[in-house]
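# Structural features, examined
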Amino acid sequence: MNGNVAMSYNVGRWGIRLNYNGRYEKDKIESELHRQIRQTGNALEQLIDAEKKTTLHNIGLNVNYKLTKQDIVTLDVKAGFPRMNNLQTMHNHYVTAGVTSEKLRQTDITFNREMLEGSLTYKHIFEPNKREVSTSASLSAINGHRPSYYYEANKMVQRSESGGHPRIATWQLDYMTMLGKGKLETGVKMTYRQNNIDHKMYEWNEATDTWQLSIPLSNDLRHREYIPAAYIMYSSKLSQQLTMKAGLRFEYSRTTLRNDKDHLDEAANCYFVAPNLVLNYRISEPWQLSVGLSRRISRPTYPQLNPYINLIDNNTYETGNNILVMTYINGDQYLNSGVEHNIRWSALRWLGVDVGCNVFYTKSRGTSQGVTFRNEGWTSNSNATLNIMPLKGMSIQVQYFVTTPQYFPQFTTKTIHYCNLGIRQQLPKKGLTFSALLTDVFNTRRWDISSDNSVYTLVNNSRNRSRIFWLGISWNFHSYKPVGGQKKQEEDRSVIKLGE
């Protein structure tokens, strides 16, 4: 269940908005995993039952103040408190050197975060929609801690204490002006990122009846990064049918990493140039053709840089980019080429159809510890939506999603397909909206992957409670314009589910 309340007040030069949203979610996941190591013949079969509980509280304040008609100051402050507990029960069946054994293992992991971020923006408008300049500064801070407990036969055998404290500070200056028949935008930005991560794993010593620090399973990281950047972009209407947007972004980054455990102290400098070009040609209503070219940078997450170690069972764990048996590696090569199209058709006054589809050929390759992983094939993501409006203020939406097998260096996912059904009724005069949504109508959504390489064979099947019936009501008792938007929370998920 979730809820949101927002209050907006505008008077004179002031505009104030306060909002709160909260969420509680309880999910159950059932998984099974089969893995066999080719060289030794050792095998593992797991049946995993997991229960995941998530709570989230967010509060935000936005204040706008018009110093004059041309000068506006905006303050935006947000705070969030997400909590996620994951309780797993694993039934493990091992075959090691021809000897079969079984073990029941439980894990109890809680992800806790306290997040605070704020930004201050000043904008000067020389001419409305023609020329303006703005500057902004922002700061965000997160305190994270992850207590974890591991049990065998209902007795705690391992525990860990993990924590990270990411900080991000930015300053930005932007300028926009009309130039000829188009618009010119340019600006500079400075970003500073840092994080201190500590992960300590303890194991129970039966001989001494004490907890002992496990050096191999503990880790730490000190990260600092400085990123100055500048950009320039020009957009123009070249003709009645043709529009263009072209830009260029320059970036320099200096990154330092320090790890006390492994005595690591390294720095790296990187220059990055990102061009961007989009051409849009309107053939006739509603048909249009777009062609785009862009280059972007993707930075690794902290679990990829040098993370905490996530124990799967008593002899399998995952971490970073290069750990066997469970390993996530950076591929040496990834090629993805294909086509994408979207069709929107208003068949009747009360019926609309949206169809989206892309088809790509994917080829990936990675190397880890002398072993090369390859995978390739055709893949597609498609969706179709029916929008039905039988009565005034009522809308019915039927959506179907299909994702064909996806190819990664180490494994292949199976086809995923599911259907969502929703209905909404608005009562404009009363400001009320009632809604109902049923996700995964036919209960077909699941996560299945397989891998067959020179090191091991693996099959991982997992599904959660994806068929959910939602009832919602919203009441807008006085008209207001929303300010800003909610950031999508990142999910802390592994590619291989393992009952998560």
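Attention here is on the structure that accompanies the text. Since this is a predicted model, take the numbers as computed values, not measurements.

Moving on, we come to the sheet that holds strand E20 (residues 371-388). Across the sheet, seven strands lie side by side as E18-E19-E20-E21-E23-E24-E27; this open sheet has antiparallel pairing. Each edge of the sheet is formed by a strand with only one pairing partner; in this case those strands are strand E18 (333-348) and strand E27 (469-475). When strand polarity is set aside, the average angle formed by the axes of neighbouring strands in this sheet is 15°. Both E20 and strand E21 (residues 394-403) contribute to a ladder of eight bridges, which runs antiparallel. Its bridge partner lying in E21, alanine 384 is registered against tyrosine 400.

Turning next to the pattern of salt bridges. Under the defined criterion, the tally for this structure stands at 18 salt bridges. Of the charged contacts in the structure, one is a salt bridge between arginine 193 and glutamate 225, with a shortest N-O distance of 2.6 Å. Taken as a pair, arginine 193 in strand E10 (residues 182-205) and glutamate 225 in strand E12 (residues 219-237) lie far apart in primary sequence, 32 residues in all. Per residue, the accessibility class of arginine 193 equals that of glutamate 225, and both read buried. Between arginine 344 and aspartate 354 there is a salt bridge, and its shortest N-O distance comes to 3.1 Å.

Attention now goes to the environment of valine 157. With respect to the secondary-structure elements, valine 157 resides in strand E8 (residues 155-164). Under the relative-accessibility criterion, valine 157 is labelled partly exposed at 22%. In the structure, valine 157 is positioned 15 residues away from glutamine 172 in sequence and 50 Å away in space, judged by C-alpha atoms.

Okay, the pairing of strand E14 (residues 264-284) next. Bridging between strand E13 (residues 242-259) and E14 involves 18 bridges; their strand directions are antiparallel. Directly across from threonine 255, in E14, lies its bridge partner alanine 268. Sheet topology places E14 next to strand E15 (residues 287-294); eight bridges connect them, and they run antiparallel. Across the sheet, arginine 282 pairs through a bridge with glutamine 288, a residue of E15.

The next thing to look at is the environment of glutamate 251. Looking at the element boundaries, glutamate 251 is found in strand E13. According to the relative accessible area criterion, glutamate 251 is buried, its value standing at 5%. Spatially, the C-alpha atoms of glutamate 251 and isoleucine 227 are 6.8 Å apart, while their sequence positions differ by 24 residues. Of the polar contacts made by the side chain of glutamate 251, one reaches the side chain of arginine 249; its length is 2.6 Å. At a separation of 2.4 Å, a polar atom in the side chain of glutamate 251 contacts the side chain of arginine 299.

As enumerated under the stated definition, the model contains eight aromatic pairs in all. With a centroid separation of 4.5 Å and 45° between ring planes, the pair formed by tryptophan 14 and tyrosine 65 is classed as tilted. Of this pair, tryptophan 14 sits in strand E2 (residues 14-37) while tyrosine 65 sits in strand E3 (residues 43-66), placing them 51 residues apart in sequence. Judged by relative accessible area, tryptophan 14 falls into the partly exposed class, the value being 43%. Tyrosine 65 sits in the partly exposed class, given a relative accessible area of 24%. Aromatic pair tyrosine 192 and tyrosine 226: ring centres 5.1 Å apart, planes at 45°, arrangement tilted.

Let us look at unusual backbone geometry. Although it is not a glycine, aspartate 440 sits at a positive phi angle of roughly 50°. Structurally, aspartate 440 is set in the loop between strand E24 (432-438) and strand E25 (447-452). Looking at aspartate 440, the relative accessible area reads 1%, which means it is buried. Positive phi is not limited to glycine here, since asparagine 443 has a value of about 55°. Within the secondary structure layout, asparagine 443 lies in the loop between E24 and E25.

What counts as what
- Residues numbered from 1 in each chain as written.
- Predicted model: local features only at pLDDT ≥ 70, side-chain atom pairs only at ≥ 80, totals over all residues.
- Heavy atoms only, no water.
- Pairing = 2+ DSSP bridges.
- Helix = DSSP H or I, 4+ residues; strand = E, 2+ residues; numbered from the N terminus.
- Axes fitted to C-alpha atoms, helices over the stretch in contact; angles between N-to-C directions.
- Salt bridge = Lys/Arg side-chain N within 4 Å of Asp/Glu carboxyl O.
- Buried < 20%, exposed > 50% of the residue type's maximum accessible area, 1.4 Å probe, protein only.
- Polar contact = N/O pair within 3.5 Å; in protein donor to acceptor, adjacent residues only side chain to side chain.
- Phe/Tyr/Trp six-rings, centres within 6.5 Å; stacked < 30°, edge-to-face > 60°.

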